[in-house]
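# Survey of secondary and tertiary structure
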Number of protein chains: 2
Amino acid sequence: MNPKFYALPQEKQRAILNAGFHVFSQNTYKKSPMSEIAEAAGISKALLFHYFQNKKELYLFLWDTCAKITVEEMTRSGVYEQTDLFGSMDSGMQAKLRLIRQYPDISTFAVRAFYEKDPEVSADIQKSMGQYLNAHAAKKLEKLDSEDFIPGIDLQMMYREMYWATEGCLWEYIQRGIMDVNAMEKDFRALLDFWKKVYLRKEREDL
Amino acid sequence: MNPKFYALPQEKQRAILNAGFHVFSQNTYKKSPMSEIAEAAGISKALLFHYFQNKKELYLFLWDTCAKITVEEMTRSGVYEQTDLFGSMDSGMQAKLRLIRQYPDISTFAVRAFYEKDPEVSADIQKSMGQYLNAHAAKKLEKLDSEDFIPGIDLQMMYREMYWATEGCLWEYIQRGIMDVNAMEKDFRALLDFWKKVYLRKEREDL
DNA sequence: AATAGTATTGACCGATACGGTTAATGGAGG
DNA sequence: CCTCCATTAACCGTATCGGTCAATACTATT
């Protein structure tokens, strides 16, 4: 990667990143043309090849950047410091929303890249991945105090259920292709409130 | 579409359908080559063009067939007869699983086709769609008796949440690309049991 | 075995799209 | 006017695309 890329004004950098995220998220690696990315970024194909030697380099750069940005945003919102379950879900959600606001296609790109099978890139992707996967969830679960929740509930199942629901909600927006972050936030918050009312012992006793 | 297609042995028909669902679900309409579909189906490209005049015809045929099969499978599992909420979710789930078992990529195809923007096909897709969308959910909600559920719960939110969770769970499998239907069934059933325990008044009173 | 009819394909066509290069253009600073 | 660098239009060889067609393989009938 040409270091001059970083000398670009931030908005132009973001435009290029987003163009890459978008095109690579809609099609396979092989079927995602550089010309389309350049056009979506508002620059010429030649200039894109000036910043990135070839398609593979751009792709892997996007992958690394994607991981970097994500971790940055997570720490920034204090996900790793939270102890309370709903609190950490809340800040995790906020991190995700900030991410999507800046890079609408980053989640879709991340998923597709992770499962990409093209031999030209798949090995490199998998190699750089090992670290990121979450032993996080397990730790979070251990810390939960079952006294806080309604009696007899399966906490692990509860956690998986909540995870799936947020993903399902997010997916609905992704499919639709319109990333209305405000509407998303509303939905997420409604979910959180709903869960608190249903799962927390204190809340239930008030009824 | 050449009527001789229906004269083919069922397994061959399914192979072609699945090949189409698969290729069109991985890439945009424009970037999904007929050659790839033919190869995935185990026939020559020429033969594929013998059954379907052109790419567009095949695509729309897949779309119609997709709708047809889905409705068939739904009625067969009696989704529309069920009155009880969890009962109808159960049979709906079973219909979906049977679908996926026979046509692993049909859900992904359906979603992509629905949001496809290529002017060559998008109009036809949207035109034939109007009917299918669910006024179903609304009706289901009206019939619910709030006495059956824990007090103070927002039934509409509960329904949305359950819908998202199943979609999120399904998505996890889709992304991974391995449609392990048995594992999926286990997950779905665990979700249903979990919900019954948490949401139903009778169940909660037993604790 | 010869024939007729059908299922299936390899080879081909013109057009286009691809990744990547290069020589030229444009503009800002001295 | 000159230098330097960002930026691009035009180009190159190749691969792939949708679609066709003439030829082959296969099956059933006589």
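### Thoughts on the protein's contact with DNA strand D
Surveying the vicinity of DNA strand D reveals 16 residues, the closest of which are Tyr51(A), Pro33(B), Met34(B), Lys45(B) and Lys55(B). Here, DNA strand D places atoms within 4 Å of the protein, and 54% of those atoms are sugar or phosphate. At a separation of 2.4 Å, a base oxygen of DNA strand D approaches a polar side-chain atom of Lys45(B). Measuring from a phosphate oxygen of DNA strand D, one finds a side-chain N or O atom of Lys55(B) at 2.7 Å. Broken down by secondary-structure element, the contributors of at least two residues to the surface near DNA strand D are α4 (45–51) of chain A together with α3 (34–41) and α4 (45–51) of chain B. Along the lines of polarity and charge, the residues of the surface near DNA strand D split into eight nonpolar, four polar and four charged.

### Looking at the protein's contact with DNA strand C
Close to DNA strand C lie 16 residues, the nearest being Pro33(A), Met34(A), Lys45(A), Lys55(A) and Ala46(B). Of what DNA strand C places within 4 Å of the protein, 51% of the atoms are sugar or phosphate. The side chain of Lys45(A) places a nitrogen or oxygen atom 2.4 Å from a base oxygen of DNA strand C. Interatomic distance of 3.0 Å between a side-chain N/O atom of Tyr51(B) and a phosphate oxygen of DNA strand C. Looking at the surface near DNA strand C, the elements that each hand over two or more residues are α3 (34–41) and α4 of chain A together with α4 of chain B.

### Points about the relation of the copies chain A and chain B
Rotating chain A by 180° about the axis while translating it 0.0 Å along that axis superimposes it on chain B, leaving an RMSD of 0.1 Å. Put plainly, the chains are arranged around a two-fold axis. Of the interface residues in chain A, 97% have counterparts in chain B that sit at the interface too, so the contact is made through matching surfaces.

### A short note on the packing of aromatic side chains
All names here are of chain B. By the definition in use, this model includes 33 aromatic pairs over all chains. An angle of 85° between the planes, with centres 6.1 Å apart, marks the rings of phenylalanine 21 and tyrosine 103 as edge-to-face. Residue phenylalanine 21 is found in helix α2 (residues 10–26), and its partner tyrosine 103 is found in the loop between α6 (85–102) and α7 (106–115); the two are separated by 82 residues along the sequence. In this structure, phenylalanine 21 and tyrosine 103 share a single accessibility class: buried. Between phenylalanine 24 and tyrosine 59 the ring centres are 4.7 Å apart and the planes differ by 75°, which places this aromatic pair in the edge-to-face class.

### What about the side chain of Thr28(B)?
Within the element layout of this structure, Thr28(B) appears in the loop between α2 and α3. Judged by its relative accessible area of 19%, Thr28(B) falls in the buried class. With sequence-adjacent residues up to four places away left out, Thr28(B) is seen in contact with Gln26(A), Asn27(A), Arg112(B) and Glu116(B).

Rules used throughout
- Residues numbered from 1 in each chain as written.
- Chains lettered and ligands numbered in written order.
- Predicted model: local features only at pLDDT ≥ 70, side-chain atom pairs only at ≥ 80, totals over all residues.
- Heavy atoms only, no water.
- Near = heavy atom within 4 Å.
- Polar contact = N/O pair within 3.5 Å; in protein donor to acceptor, adjacent residues only side chain to side chain.
- Helix = DSSP H or I, 4+ residues; strand = E, 2+ residues; numbered from the N terminus.
- Nonpolar A, V, L, I, M, F, W, Y, C, P; charged D, E, K, R; others polar.
- Least-squares fit on C-alpha atoms with pLDDT ≥ 70 in both.
- Contact = heavy atoms within 4.5 Å.
- Phe/Tyr/Trp six-rings, centres within 6.5 Å; stacked < 30°, edge-to-face > 60°.
- Buried < 20%, exposed > 50% of the residue type's maximum accessible area, 1.4 Å probe, protein only.

None of the figures reported here should be taken as evidence of function without further support.
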